[in-house]
Amino acid sequence: MEGTSNLPPPAFFYPNLMSCMEIKILGTKTLASNDFMTATHEMRHFIDRAFLLSLNGGEELMAGCVTPTPPCHELGGTKSSHPERIRGMLTIPLEARVRVIDMYGASSKINVTLDHCLVVDSLPVPLHISVKALMNVAADKQTQDALCSAAQGRHKFKRESFPHPAYQTHPYWHNPKKNYLGKSESYAKWHQELMDDSATRNDQAERVVCHWCIATGKMYFCAKCKCARYCSRACQKAAWKEHKKDCNNDQ
């Protein structure tokens, strides 16, 4: 069809903007971004090509890359002037250990398997982990809870958390046109359409969704206005900069 591209849709880098995960992979400790509580359907793991090659056995893993399934050749969301090139998909799962800090500050570790990692030419982080994908295959609720705790680690998701020059200079950390959750027109439009669709399906039903990540389930009210709902304290904290403008008006 005229005007239709035959290229497969790109993968997308959409990290949790709150915190990083502490991980040890192939004998190397690093911090990784993750997709916990993000409003995205992307559920794939990404690894920076240079970081992969620096790992023990990384060159052999790189040599065994195959075409990704489902097909994709580019990664969007990194704020570069053009999408980052995806070099391929690892055929061998990456075994790793992730640090878990519970609510009492106690530290433990869990083993995770990163299947079908996509190798990207240049990431703003060494490794991006899809916690959503890991939770889908978790053996039990205890493992799921541990993954949630690991994703909300003690290290902030910020440029200073990744001191290597390749990450420090990546456009993601320097592009002023931030397109974060809740900031873009496309997200706002999608959010409104989702809410309108919910009302259309059942005008009498209460639309119980998180005001930040659109999750459903158990919600907590904003203690001040008693109107805005959030699925977690992390979402409430992330939304406060925008919500505080309307909070007093909602009372």
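Each remark here, short or long, concerns the structure printed above.
Residues numbered from 1 in each chain as written. Predicted model: local features only at pLDDT ≥ 70, side-chain atom pairs only at ≥ 80, totals over all residues. Heavy atoms only, no water.

1. Quick look at the overall build of the protein chain
Link 1 in the chain: A count of helices and strands for the protein chain gives 7 helices and 12 strands.
Link 2 in the chain: Per-residue burial over the protein chain gives 40% buried out of 251 residues.
Link 3 in the chain: Considering only contacts in the protein chain between residues 6 or more positions apart, those separated by 24 or more positions represent 62%. (Helix = DSSP H or I, 4+ residues; strand = E, 2+ residues; numbered from the N terminus. Buried < 20%, exposed > 50% of the residue type's maximum accessible area, 1.4 Å probe, protein only. Contact = heavy atoms within 4.5 Å.)

2. Concerning the environment of lysine 156
Link 1 in the chain: Relative to the elements of secondary structure, lysine 156 occurs in the loop between α4 (141-151) and α5 (165-168).
Link 2 in the chain: The class for lysine 156 is partly exposed, based on a relative accessible area of 45%.
Link 3 in the chain: For lysine 156 and methionine 18, which are 138 residues apart along the polypeptide, the C-alpha to C-alpha distance reads 5.9 Å.
Link 4 in the chain: Look past the residues within four positions of lysine 156 in its chain and what remains in contact with it is Met18, Ser19, Cys20, Ser161 and Lys237.

3. Looking at the sheet that holds strand β7 (residues 94-101)
Link 1 in the chain: Spatially, 10 strands are ordered β1-β5-β6-β9-β4-β10-β3-β2-β7-β8 in an open sheet, and the strand pairing comes out mixed. Either end of the sheet is taken by a strand with one partner, and the two such strands are β1 (11-12) and β8 (107-114).
Link 2 in the chain: Direction of pairing for β7 relative to β8: antiparallel, over a ladder of 8 bridges. Pairing of arginine 99 across the sheet is with lysine 109, part of β8.
Link 3 in the chain: Each of β2 (21-25), β3 (28-34), β7 and β8 is contacted by α4, which is oriented at about 75° to β7, the strand it contacts most. (Pairing = 2+ DSSP bridges. Axes fitted to C-alpha atoms, helices over the stretch in contact; angles between N-to-C directions.)

4. Section: helix α7 (residues 233-247)
Link 1 in the chain: With 15 residues, α7 should reach 21 Å at 1.5 Å per residue; the first-to-last C-alpha distance of 16 Å falls well below that figure.
Link 2 in the chain: Of all bends in α7, the biggest is about 65°, found at tryptophan 240.
Link 3 in the chain: For α7, every residue scored as buried is listed here: Ala234, Cys235, Ala239, His243 and Cys247.
Link 4 in the chain: On its buried side, α7 packs onto β12 (229-230).
Link 5 in the chain: Where α7 begins, the capping side chain belongs to serine 232, and its oxygen is found 3.3 Å from the backbone nitrogen of cysteine 235. (Expected span 1.5 Å × (residues − 1). Bend = angle between axes of the 7 residues up to and from the residue. Polar contact = N/O pair within 3.5 Å; in protein donor to acceptor, adjacent residues only side chain to side chain.)

5. Regarding the nonpolar core
Link 1 in the chain: Counting residues in hydrophobic clusters, the biggest one holds 49 residues, and the most contacted among them are Ile47 and Leu114.
Link 2 in the chain: It is α4 that contributes the most residues to this core, 5 residues altogether.
Link 3 in the chain: If we skip the residues at most four places from it in the chain, isoleucine 47 touches Leu52, Leu55, Leu94, Cys117, Leu118, Val119, Val120, Leu123, Pro126 and Leu127. (Core = buried A, V, L, I, M, F, W, Y, C linked by side-chain atoms within 4.5 Å.)

6. Considerations on the pairing of strand β6 (residues 84-89)
Link 1 in the chain: Pairing between strand β5 (residues 74-76) and β6: 2 bridges, direction antiparallel. For leucine 75, the partnering residue across the bridge sits in β6 and is glutamate 84.
Link 2 in the chain: Looking at chain direction, β6 and strand β9 (residues 118-120) are connected through 3 bridges and run antiparallel. In the sheet register, methionine 89 faces β9, and the bridge partner there is leucine 118.

7. Some points on the side chain of aspartate 35
Link 1 in the chain: Checked against the element boundaries, aspartate 35 lands in the loop between β3 and β4 (46-48).
Link 2 in the chain: The side chain of aspartate 35 sits in the buried core without any salt bridge; lysine 132 is the nearest counter-charge, 5.2 Å away.
Link 3 in the chain: In this structure aspartate 35 touches Tyr14, Asn16, Glu42, Met43, His128, Ile129, Ser130, Val131 and Lys132, once residues within four positions along its chain are discounted. (Lys, Arg positive; Asp, Glu negative; His and termini not counted. Salt bridge = Lys/Arg side-chain N within 4 Å of Asp/Glu carboxyl O.)

8. Focus on α4
Link 1 in the chain: Here α4 has its buried residues at Ala146, Leu147, Cys148, Ala150 and Ala151.
Link 2 in the chain: Against β2, β3, β7, β8 and α3 (131-136) lie the buried residues of α4.
Link 3 in the chain: Regarding α4, its N-cap is aspartate 140, as a side-chain oxygen of that residue lies 3.3 Å from the backbone nitrogen of glutamine 142 further along.

9. Let's talk about the pattern of salt bridges
Link 1 in the chain: This structure, assessed with the given rule, holds 6 salt bridges.
Link 2 in the chain: One salt bridge connects arginine 87 with aspartate 121, and the closest N-O pair in it is separated by 2.7 Å. You can see arginine 87 sitting in strand β6 and its partner aspartate 121 sitting in the loop between β9 and β10 (127-129), a full 34 residues away along the chain.
Link 3 in the chain: Taking relative accessible area as the criterion, arginine 87 reaches 34% and is therefore assigned partly exposed.
Link 4 in the chain: You can call aspartate 121 partly exposed: its relative accessible area is 28%.
Link 5 in the chain: Here the salt bridges share partners, and the residues they tie into one network are Glu22, Arg99 and Arg154.

10. Here we look at the packing of aromatic side chains
What characterises a pair of aromatic rings is the spacing of the ring centres plus the angle enclosed by the ring planes.
Link 1 in the chain: Summed over the entire model, instances satisfying the criterion amount to 7 aromatic pairs.
Link 2 in the chain: Their ring planes at 35° and their centres at 6.1 Å tell us that phenylalanine 12 and tyrosine 14 sit as a pair that is tilted.
Link 3 in the chain: Geometrically, the ring pair formed by phenylalanine 157 and tyrosine 172 is edge-to-face, given 6.1 Å between the ring centres and 75° between the ring planes. Note that phenylalanine 157 is positioned in the loop between α4 and α5 and tyrosine 172 in the loop between α5 and α6 (185-201), a separation of 15 residues in sequence.
Link 4 in the chain: Ring pairing ties together the aromatic residues Phe13, Phe157, Phe162, Tyr172 and Trp173, which thus form one cluster. (Phe/Tyr/Trp six-rings, centres within 6.5 Å; stacked < 30°, edge-to-face > 60°.)

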